[in-house]
Amino acid sequence: MNWIEILVVTLGISLDIFAAVECQGALVAQVKKKQLVIACALLSIWQMAALYLGSFLSDLICKYDLKDDSLMTGRIIASAIFIILGIRMIFKAWKNDRIDERREEDLNIRRLLHLVMIASAYTLLTGVAFGFMQCALWQLLLMIVAFTIVVVVLGTYTGYRFGFEQKTKAYVAGGILLIIGGIDVIVRYIYLYH
């Protein structure tokens, strides 16, 4: 995959974090920069670990799979992962869970980490898909850190200023980007490969 394709998928998966952080930002009375920096650092490390672990798992699977068609199978699995995650995000937007809005003094980093740990399962799957696509790990890690920092900051301030209503748009946009990534894999790496 080239860097634009990686960018599209990484942005798509990062918008899931944007929605979670936006909901937390809607609850705080004041955004404290020190807490925001801590949240960015912790969430970036967590996302990098999930992406790395996913890539590592796909490498293990490919290493011990001795079939000649393992590359094609990996590409099919990668496209399925991207499309299923995209559909899941669109479903979350459609479901539109209500948030119990109550003001808190500080950004609840513990609650935020819990939400991102759940979202990291999807980042892990994305890492598996990227591993099957044989993407450069350093490029993936740089993009996930950059996007995590951006979505944490933007999500917190968006939630603080506008409430949590933008989360559905983030879910839909992320879902569309992931589906585009899955279709791209089908067209460029599966269909045109034969």
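Before reading on, note that the structure itself is shown above.
Residues numbered from 1 in each chain as written. Predicted model: local features only at pLDDT ≥ 70, side-chain atom pairs only at ≥ 80, totals over all residues. Heavy atoms only, no water.

What is the right way to read the pattern of salt bridges from this model?
A side chain of one charge can pair with a side chain of the opposite charge if their charged atoms are brought near each other. Throughout the structure, instances matching the rule amount to 3 salt bridges. Here Glu5 ties to Arg188 by a salt bridge, and the two come within 2.5 Å at their closest N and O atoms. With Glu5 in helix H1 (residues 3-25) and Arg188 in helix H6 (residues 167-191), this residue pair connects regions lying 183 residues apart in the sequence. Its relative accessible area of 40% is what places Arg188 among the partly exposed residues. Residues Asp16 and Arg88 are paired through a salt bridge, measuring 3.2 Å at the closest nitrogen-oxygen approach. (Salt bridge = Lys/Arg side-chain N within 4 Å of Asp/Glu carboxyl O. Helix = DSSP H or I, 4+ residues; strand = E, 2+ residues; numbered from the N terminus. Buried < 20%, exposed > 50% of the residue type's maximum accessible area, 1.4 Å probe, protein only.)

Would you mind showing me how to read helix H3 (residues 70-95) here?
An α-helical turn contains 3.6 residues, so any two residues separated by three or four positions project in the same direction. An ideal rise of 1.5 Å per residue puts 38 Å on 26 residues; H3 measures up with 37 Å between its terminal C-alpha atoms. Looking one or two places after H3, you find Asn96, whose phi comes out positive at around 45 degrees. (Expected span 1.5 Å × (residues − 1).)

Could you clarify how one ought to interpret the nonpolar core in this entry?
A general feature of soluble globular proteins is that nonpolar side chains tend to end up buried together. Counting residues in each nonpolar core, the largest one holds 45 residues, and the members touching the most others are Met1, Phe130 and Val152. Elements represented by at least two residues in this core include exactly H1, helix H2 (33-64), H3, helix H4 (109-132), helix H5 (137-162) and H6. Ignoring any residue separated from it by four or fewer positions in sequence, one finds Met1 in contact with Ile6, Val9, Phe82, Phe130, Met133, Cys135, Val185 and Tyr189. (Core = buried A, V, L, I, M, F, W, Y, C linked by side-chain atoms within 4.5 Å. Contact = heavy atoms within 4.5 Å.)

Is there a simple way to explain the packing of H3 against H6 in this structure?
A packed helix pair is summarised by two numbers, namely the angle formed by the two axes and the spacing between the axes. At a closest axis distance of 7 Å, the pairing of H3 and H6 adopts a crossing angle of 160 degrees. Considering the angle they form, H3 stands roughly antiparallel to H6. In the crossing of H3 with H6, the sense of the turn from one axis to the other is left-handed. Considered class by class, the residues forming the contact of H3 with H6 number 20 nonpolar, 7 polar and 2 charged. (Axes fitted to C-alpha atoms, helices over the stretch in contact; angles between N-to-C directions. Parallel < 35°, antiparallel > 145°, perpendicular 65-115°, else oblique. Left-handed = near helix turned anticlockwise from the far one by under 90°. Nonpolar A, V, L, I, M, F, W, Y, C, P; charged D, E, K, R; others polar.)

Sorry, what's going on with H4 here?
Over its 24 residues, H4 runs 33 Å from end to end, which matches the ideal 34 Å to within 8%, given 1.5 Å per residue. Helix geometry: H4 is bent most strongly at Ile118, by close to 30 degrees. Once H4 ends, the next one or two residues include Gln134, with phi positive near 55 degrees. (Bend = angle between axes of the 7 residues up to and from the residue.)

What's the story with the packing of H3 against H4 in this structure? I'm lost.
Look at H3 against H4: their axes get within 8 Å of each other, and the N-to-C directions meet at 150 degrees. Taken as axis vectors, H3 and H4 run roughly antiparallel relative to one another. In this structure, H3 meets H4 at a crossing whose hand is left-handed. Touching Leu71, Gly74, Ile77, Ala78, Ile81, Phe82, Leu85 and Arg88 of H3 are Tyr122, Leu125, Thr126, Val128, Ala129, Phe130 and Phe132, all from H4. Looking at the contact of H3 with H4 residue by residue, the classes come out as 12 nonpolar, 2 polar and 1 charged.

So what exactly am I meant to see when it comes to the environment of Arg111 here?
With respect to the helices and strands, Arg111 occurs in helix H4. Among the residues examined, Arg111 registers a relative accessible area of 39% and is labelled partly exposed. Here the alpha-carbon distance between Arg111 and Ile83, two residues 28 residues apart in the chain, equals 28 Å.

What am I meant to see in the packing of aromatic side chains here?
The description of an aromatic ring pair rests on the distance of the ring centres and on the angle between the ring planes. Under the criterion given, the structure shown has 2 aromatic pairs. When the centroid spacing of 5.6 Å and the interplanar angle of 45 degrees are considered together, the rings of Phe91 and Trp94 count as tilted. Here Phe91 and its partner Trp94 are both found in helix H3, 3 residues apart, which amounts to about one turn of the helix. Under the relative-accessibility criterion, Phe91 is labelled partly exposed at 45%. Looking at Arg88, its charged tip hangs above the ring of Tyr122, at a distance of 3.6 Å from the centre. (Phe/Tyr/Trp six-rings, centres within 6.5 Å; stacked < 30°, edge-to-face > 60°. Lys NZ or Arg CZ within 6 Å of the ring centre and 35° of its normal.)

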